[in-house]
Amino acid sequence: MAEPPSNFPEITVLYFAGASTATGLTSEQVPLPATRPDTHTSMFVADPPSRIRFPLSALAALLAARHPSTGLADVLAHSSWAVNEEMVDDPEKVFLSGGEEVAVICPVSGG
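Residues numbered from 1 in each chain as written. Predicted model: local features only at pLDDT ≥ 70, side-chain atom pairs only at ≥ 80, totals over all residues. Heavy atoms only, no water.

Under an unreviewed UniProt entry, the chain has the name Molybdopterin synthase sulfur carrier subunit and belongs to Postia placenta MAD-698-R-SB12.

K.L.:
An account of the overall build of the chain is needed here, citing residue identities and associated values.
P.N.:
Counting its secondary structure elements, the chain contains three helices and nine strands. Along the chain, helices and strands appear, N-terminal first, in the series β-α-β-β-β-β-α-α-β-β-β-β. Residues classed as buried in the chain amount to 36% of the 111 residues present. Here the analysis covers contacts within the chain between residues at least 6 apart in sequence; of these, 52% occur between residues at least 24 apart. For the chain, the computed accessible surface area is about 6400 Å², with 53% contributed by carbon and sulfur atoms. (Helix = DSSP H or I, 4+ residues; strand = E, 2+ residues; numbered from the N terminus. Buried < 20%, exposed > 50% of the residue type's maximum accessible area, 1.4 Å probe, protein only. Contact = heavy atoms within 4.5 Å. Areas by Shrake-Rupley, 256 points an atom, 1.4 Å probe, with all protein chains shown as cover.)

K.L.:
Any chance you could break down the nonpolar core for me, citing the residues and the numbers?
P.N.:
One finds Leu 59, Leu 63, Trp 81 and Leu 96 to be the most contacted residues of the largest nonpolar core, which totals 24 residues. Contributions of two or more residues to this core are made by strand E1 (10-15), helix H1 (17-23), helix H2 (59-66), helix H3 (72-77), strand E6 (80-83) and strand E9 (101-105). (Core = buried A, V, L, I, M, F, W, Y, C linked by side-chain atoms within 4.5 Å.)

K.L.:
How would you sum up the side chain of Ser 79? Please name residues and give values.
P.N.:
Within the secondary structure layout, Ser 79 lies in the loop between H3 and E6. Of the residues examined, Ser 79 reaches a relative accessible area of 13% and is grouped as buried. In terms of polar contacts, Ser 79 uses its side chain to reach the backbone carbonyl oxygen of Val 75, at 2.7 Å. Those residues within four positions of Ser 79 in sequence are excluded, and the remaining contacts are Val 104, Ile 105, Cys 106 and Pro 107. (Polar contact = N/O pair within 3.5 Å; in protein donor to acceptor, adjacent residues only side chain to side chain.)

K.L.:
Please set out the sheet that holds E9 residue by residue, giving values where relevant.
P.N.:
If you trace the five strands from one edge of the open sheet to the other, you get E2-E1-E9-E6-E7, paired in mixed fashion. Edge strands, defined here as strands with exactly one partner in the open sheet, are strand E2 (27-31) and strand E7 (86-87). (Pairing = 2+ DSSP bridges.)

K.L.:
Give me the lowdown on the environment of Asn 84, citing residues and values where you can.
P.N.:
Mapped onto the secondary structure, Asn 84 falls in the loop between E6 and E7. On the accessibility criterion, Asn 84 (44% relative accessible area) is partly exposed. Separated by 19 residues in sequence, Asn 84 and Ala 103 place their C-alpha atoms 8.1 Å apart. When near neighbours in sequence (up to four residues on either side) are disregarded, Asn 84 contacts Glu 100 and Glu 101.

K.L.:
Could you give an account of the packing of aromatic side chains, naming the residues involved and the relevant values?
P.N.:
For the structure shown, the criterion picks out zero aromatic pairs. The lysine or arginine in question, Arg 53, covers the ring of Phe 95, its NZ or CZ lying 4.0 Å from the ring centre. (Phe/Tyr/Trp six-rings, centres within 6.5 Å; stacked < 30°, edge-to-face > 60°. Lys NZ or Arg CZ within 6 Å of the ring centre and 35° of its normal.)

K.L.:
Explain the pairing of E6 to me, using residue names and the numbers behind them.
P.N.:
With four bridges joining them, E6 and E9 adopt antiparallel strand pairing. Following the sheet pairing, Trp 81 is matched in E9 by Val 104. Counted between consecutive antiparallel strands, the loop separating E6 from E7 contains two residues, among which Asn 84 sits at a positive phi close to 50°.

K.L.:
Quick rundown of unusual backbone geometry? Include the residues and the values.
P.N.:
Even without glycine at this site, Asn 84 takes up a positive phi of about 50°. One non-glycine residue with positive phi stands out, namely Glu 85, at about 70°. With respect to the helices, strands and loops of the structure, Glu 85 is situated in the loop between E6 and E7.

This is the structure we're talking about:
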């Protein structure tokens, strides 16, 4: 999905398995918004000035909005996250400020 250039920091999102199938992508650059998409609250913090702190827990809503009618929201609802190659246990405690690599880890089954 092509977007105009952004002055906001970006993250790289890596899509695997069902997430890749839903989006048709293996990765994309995603600008972090100035407001949280689910609550419309500001993501800027005062220290350091103008730094964005975007909660990982809000990323699914942002990505689903970028890829409507693809089934991505359903995939993300059952997926886990990795940030900079580290699995995330609690997305509520992780904040993105730009430059991170975020992987969507879809559930797998084995046998």
